[in-house]
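Given next are the chains, with one letter for each unit.
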Amino acid sequence: MAELFRMPAVAADAATAVLSAWQVAEGASFTKDDALVSIETDKAEVDVAAEQDGVLLKTLYEAGVEIEVGDPIAVLGAVGEQAGDLDALLAGLGVVAPGEAPKAVRRDVPEEPVAQPAAAPASGAPERGGRVFSSPLARRLAREAGLDIEALTGTGPGGRIVRRDVDAAVAARRTPEPHPAPTPAAAVPRTAAPADTGAHEDIPHSRMRRAIARRLTESKQHTPHFYLRATCAVDELLALRQRINAVSPVKVSVNDLLIKAVATAHTQVPEMNAVWQPDAVRRFSAVDVSVAIATGTGLVTPVLRGIENLSVSAIATRTRAYAEQARAGALHPADLEGGSITVSNLGMYGVEEFAAIINPPQAAILAVGAARDEAVVRDGAVTVAKVLGVVLSVDHRPVDGAVAARWLAAFTEAVENPVRLVV
């Protein structure tokens, strides 16, 4: 029995998602748990798996189209089922077959505006005076913008009015009417300025890059950052790591030990394990820490959960798994949600110190630099020690300076006396 396959809600706060790629061809069979389609949200790209065996009878959108959550994107059938009359099949499922596949329109790629003749409605659009089909999101956006939904021309399947139609109408309304420039009495011909001929490449923004830019800009504009710096002696930490790796089934990095030190500091100073909410400061009981991972498409921050109860080797195992998933594009949106602090480490690049931007709605981010040799004074004598610089960026709304200072002192103590990280 044929049924509609709808755009899933792969992220809790996403109203739309981009159909990145079909993993199954039209007419091809699939089995339960096979990947049917790849969906891209602001945070990650997710493969959506089949819930049962079947066949992909018809795709309603090509790859690259931004689609509202809940809209039909394909027709699935039982094993061995044939499509037959596609128009009749779609009509029976309540979907009017569009005259042709929708144009791939990625919201992350700027598009040229196309003028539409006023008297020529889009192909498949409903006649005015009849029922106007529109999505719930489009109706809400039109109502908020003061637009008459029935006056819009739909570009969705069967002429359905979708979000991009409302966005286009709002943009057109804001565009001022062009006024002819006054003609000078004696126009003097001027040579046009030469265009920039320097060799360059314009790389279109990906959906993830736009999301990173938007969220971090909002963070700097709306989150009152303050910064605390500390220098930690790490000779004992490096020696402990060497001893752990001699017996551990998984290799432990310095960053794994620092993440455990963050958990220790959060346990000792629970006021830091919080985030700002409009009506309250939300304080957490479990310690969930995000770890920044660089990928070819941008920075992602999967969340390690309950690390106050994890061993260092367990943290290392989970961090490696997240890194592999991130670089393969296999993280799920749920992996990126939560946490009250992020650890961002650029020490492997030789960076001594940097200040990072808080990843909202978290309350802090710890920027970690490289371990280096430095002259220090111990017991009245100058000696050489391995030290590591960290910068703690803090949201001043849920966390006061004194609280952050106590947290940084507890973190430094855990790093410089690392035996407490393994007991």
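Since we're looking at a predicted model, the values are computed, not measured. (Residues numbered from 1 in each chain as written. Predicted model: local features only at pLDDT ≥ 70, side-chain atom pairs only at ≥ 80, totals over all residues. Heavy atoms only, no water.)

Draft legend 1. How the structure looks around the sheet that holds strand β17 (residues 364-378). Reading across from one edge, β9-β18-β17-β16-β12-β15 is the order of the 6 strands in this open sheet, with mixed pairing throughout. With partners counted over all chains shown, the strands left at the sheet margins are β9 (225-233) and β15 (303-304), one partner each. Packed onto the sheet, helix α8 (residues 401-416) meets β9, β16 (341-345), β17 and β18 (381-395) and runs at close to 20° relative to β9. (Pairing = 2+ DSSP bridges. Helix = DSSP H or I, 4+ residues; strand = E, 2+ residues; numbered from the N terminus. Contact = heavy atoms within 4.5 Å. Axes fitted to C-alpha atoms, helices over the stretch in contact; angles between N-to-C directions.)

Draft legend 2. Main features of the packing of helix α6 (residues 254-268) against α8. Between α6 and α8, the least distance of the axes is 8 Å, while the angle of their chain directions is 135°. Of the possible angle classes, the one that applies to α6 and α8 is oblique. Every pair of crossing elements has a handedness; the one defined by α6 and α8 is right-handed. The residues of α8 that touch α6, namely those facing Leu258, Ala261, Val262, Thr264, Ala265, His266 and Gln268, are Trp407, Ala410, Phe411, Ala414 and Val415. Residues of the contact of α6 with α8, tallied by class, amount to 9 nonpolar, 3 polar and no charged. (Parallel < 35°, antiparallel > 145°, perpendicular 65-115°, else oblique. Left-handed = near helix turned anticlockwise from the far one by under 90°. Nonpolar A, V, L, I, M, F, W, Y, C, P; charged D, E, K, R; others polar.)

Draft legend 3. Highlighting the pairing of strand β5 (residues 45-49). Where burial is concerned, the two faces of β5 differ: the one with Val46 and Val48 is buried and the one with Glu45, Asp47 and Ala49 is not. Here strand β4 (residues 35-40) pairs with β5 via 5 bridges, running antiparallel. Counted as the bridge partner of alanine 35 is alanine 49 from β5. (Buried < 20%, exposed > 50% of the residue type's maximum accessible area, 1.4 Å probe, protein only.)

Draft legend 4. Looking closely at α6. The terminal C-alpha atoms of α6 lie 21 Å apart, and with 15 residues this matches the ideal 21 Å at 1.5 Å per residue to within 8%. Taking burial as the measure, the 15 residues of α6 include 12 buried ones, the bulk of the element. Of the positions making up α6, those classed as buried are Asn255, Asp256, Leu257, Leu258, Ile259, Lys260, Ala261, Val262, Ala263, Thr264, Ala265 and His266. The backbone nitrogen of asparagine 255 has a side-chain oxygen 3.3 Å away, supplied by the residue at the start of α6, namely serine 253. (Expected span 1.5 Å × (residues − 1). Polar contact = N/O pair within 3.5 Å; in protein donor to acceptor, adjacent residues only side chain to side chain.)

Draft legend 5. A look at the nonpolar core. Within the largest apolar cluster, 57 residues are counted, with the highest numbers of intra-cluster contacts made by Met272, Ile307, Val390, Leu392, Trp407 and Phe411. The greatest single-element share of this core, amounting to 8 residues, is contributed by α8. Sequence-distant contacts of tryptophan 407, that is, excluding residues within four places in its chain, are made with Val262, Ala265, His266, Val269, Met272, Ile341, Leu366 and Leu392. Counting residues in hydrophobic clusters, the runner-up holds 26 residues, among them Ala17, Ala74, Leu76 and Leu90. (Core = buried A, V, L, I, M, F, W, Y, C linked by side-chain atoms within 4.5 Å.)

Any link to function would need more than the numbers given here.
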